[in-house]
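Descriptive structure summary
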Amino acid sequence: MTAIRAVVRGVGHYLPERIVPNAWFEDRLETTDEWIRTRTGIERRHFAAEGETTSSMAIRAAEAALKDAGVAADQVDAIIVATSTPDFTFPSVATMVQAGLGLTTGFAFDVQAVCAGFVFALSNANALILSGQARRVLVIGAETFSRIMDWDDRGTCVLFGDGAGALLLDAAEGTGGTEDRGILATDLHSDGRHRDLLYVDGGVATTGTAGHLRMQGNAVFKHAVQKLAETAHAALDKAGLAGAQVDWIVPHQANLRIISATADRMGVPMERVVVTVQDHGNTSAASIPLALSVGKARGQIREGQLVVTEAIGGGLAWGAVVLRW
Ligand code: UT7
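Since this is a predicted model, take the numbers as computed values, not measurements.

Below, the discussion takes up the pattern of salt bridges. Enumeration over the complete set of coordinates arrives at 13 salt bridges. Of the charged contacts, one joins R37 and D33 as a salt bridge, the two residues approaching to 2.9 Å between their closest N and O atoms. With R37 and D33 both in helix α2 (residues 33-40), this residue pair falls 4 residues apart, about one helical turn. For R37, a relative accessible area of 38% puts it in the partly exposed group. In this structure D33 comes out as partly exposed when scored by relative accessible area, which is 22%. The salt bridge partner of K238 is D187, with a shortest N-O separation of 3.0 Å.

What follows deals with the domain arrangement of the protein. By domain assignment, the protein separates into domain 1 (3-174) and domain 2 (182-324). Each side of the interface is counted separately: domain 1 has 53 residues, and domain 2 has 46 residues. Contact with domain 2 buries surface across domain 1, with C115, V119 and I148 losing the most and accounting together for 16% of the total. With a closest N to O distance of 2.8 Å, R214 and D150 form a salt bridge. Summed over the shared surface of domain 1 and domain 2, the number is 17 residue pairs in polar contact (both at pLDDT 80 or more).

In this section: the site of the ligand. As a structural note, the neighbourhood of the ligand is formed by 23 residues, with T31, R39, H252, N255 and N282 the closest of them. For the ligand, a nitrogen atom lies 2.9 Å from a polar atom in the backbone of R154. R257 places a side-chain nitrogen or oxygen 3.0 Å from an oxygen atom of the ligand. In isolation the ligand offers 940 Å² of accessible surface; the protein chains occlude 72% of this area. Of all the secondary structure elements, the ones that give two or more residues to the shell around the ligand are α2, α6 (154-157), α7 (217-239) and α8 (256-266). Looking at side-chain class alone, the shell around the ligand contains 11 nonpolar, 8 polar and 4 charged residues.

Turning next to the packing of α7 against α8. Taken N-terminus to C-terminus, the directions of α7 and α8 make an angle of 40 degrees; their axes are 9 Å apart at the nearest point. Between α7 and α8, the interaxial angle falls into the category oblique. Read as a crossing pair, α7 and α8 show a hand that is right-handed. Residue-level inspection shows F221, A224, V225, Q226, L228, A229, A232, H233 and L236 of α7 in contact with α8, the latter providing R257, I258, A261, T262, R265 and M266. In terms of residue class, the contact of α7 with α8 is made up of 10 nonpolar, 3 polar and 2 charged.

Reading guide: rules and limits
- Residues numbered from 1 in each chain as written.
- Predicted model: local features only at pLDDT ≥ 70, side-chain atom pairs only at ≥ 80, totals over all residues.
- Heavy atoms only, no water.
- Salt bridge = Lys/Arg side-chain N within 4 Å of Asp/Glu carboxyl O.
- Helix = DSSP H or I, 4+ residues; strand = E, 2+ residues; numbered from the N terminus.
- Buried < 20%, exposed > 50% of the residue type's maximum accessible area, 1.4 Å probe, protein only.
- Domains from an automatic or database assignment.
- Contact = heavy atoms within 4.5 Å.
- Buried area = accessible area lost by both parts, 1.4 Å probe.
- Polar contact = N/O pair within 3.5 Å; in protein donor to acceptor, adjacent residues only side chain to side chain.
- Near = heavy atom within 4 Å.
- Areas by Shrake-Rupley, 256 points an atom, 1.4 Å probe, with all protein chains shown as cover.
- Nonpolar A, V, L, I, M, F, W, Y, C, P; charged D, E, K, R; others polar.
- Axes fitted to C-alpha atoms, helices over the stretch in contact; angles between N-to-C directions.
- Parallel < 35°, antiparallel > 145°, perpendicular 65-115°, else oblique.
- Left-handed = near helix turned anticlockwise from the far one by under 90°.

As structure tokens, this is what we get:
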């Protein structure tokens, strides 16, 4: 039996030059480097420079992924950008990336599922490839969360950072078995009853402003620990695989305690988890492609290995993707 698979051909990322250590917040808020490290695992994060935007970072990440793949931009059929911090209400960041890459063919659109955005975008890209609507898809996660922080709210502003990561997916023929390279299973969920746990208090149709991020961190934490392991297990079940076969968990990087609790519930030791939260903070939809790119650059993720990504964020929205690199 043969099957079409969406295979990762290239990966890349971009991080703004400015690195802000935890100590930066100590002068401004009642917080300490020690609290931030022990409660979250975060040590530093990158903040975009003035004039730097979600689209400009997404373009840099996309260029890096295309270079890694050895594929020219005009070979791309579709661009999906996962973001909650677009440059403008519209057009989409994805069309800005399309223009930035010099592309005049194909189609481009944004996906908004907050911190779970990249998992949702990957799942959509997979569906486009499996249905024959596109062959090569650039999937990008890019965020400028520093622009929606309330700098007086110590419970949120110490957590987030800016950046972008990108994957180039390419259609390839597989056997239909679990040894195939490419996306093997996806699992997506949302539950809007929990929308007040993590949201932005502004928007086009309400305040007419961008607003600031608000979070009941502790409540989100509890949902995260339970739902992330559930969705990762569900995706593995759909693929016909088990936790013991996983080479790398590449989780959404929000909090080291959530990352390790999820790995524990999946029966995967921390040596097989790609962790970047200490260097990037929580970059929302950008965190998984950033971690995939850094994980490959570190020599952790190698061709043929089984990777599970999982994420949860505002909505609540959550999900997981199982793929063989
Ligand atoms: O990416 C989308 C999904 N988001 C997440 O996954 C985030 C999930 N939540 C978390 O990561 C954690 O809940 C936080 C890191 C946000 C907070 O950690 P926590 O252990 O849940 O702390 P808490 O919110 O229960 O607060 C404990 C205490 C409070 O003080 P009191 O009320 O006990 O006196 C907070 O006011 O810690 C205080 N606190 C801080 N103290 C120093 C909150 N933020 C800070 C801070 N520095 N920056």
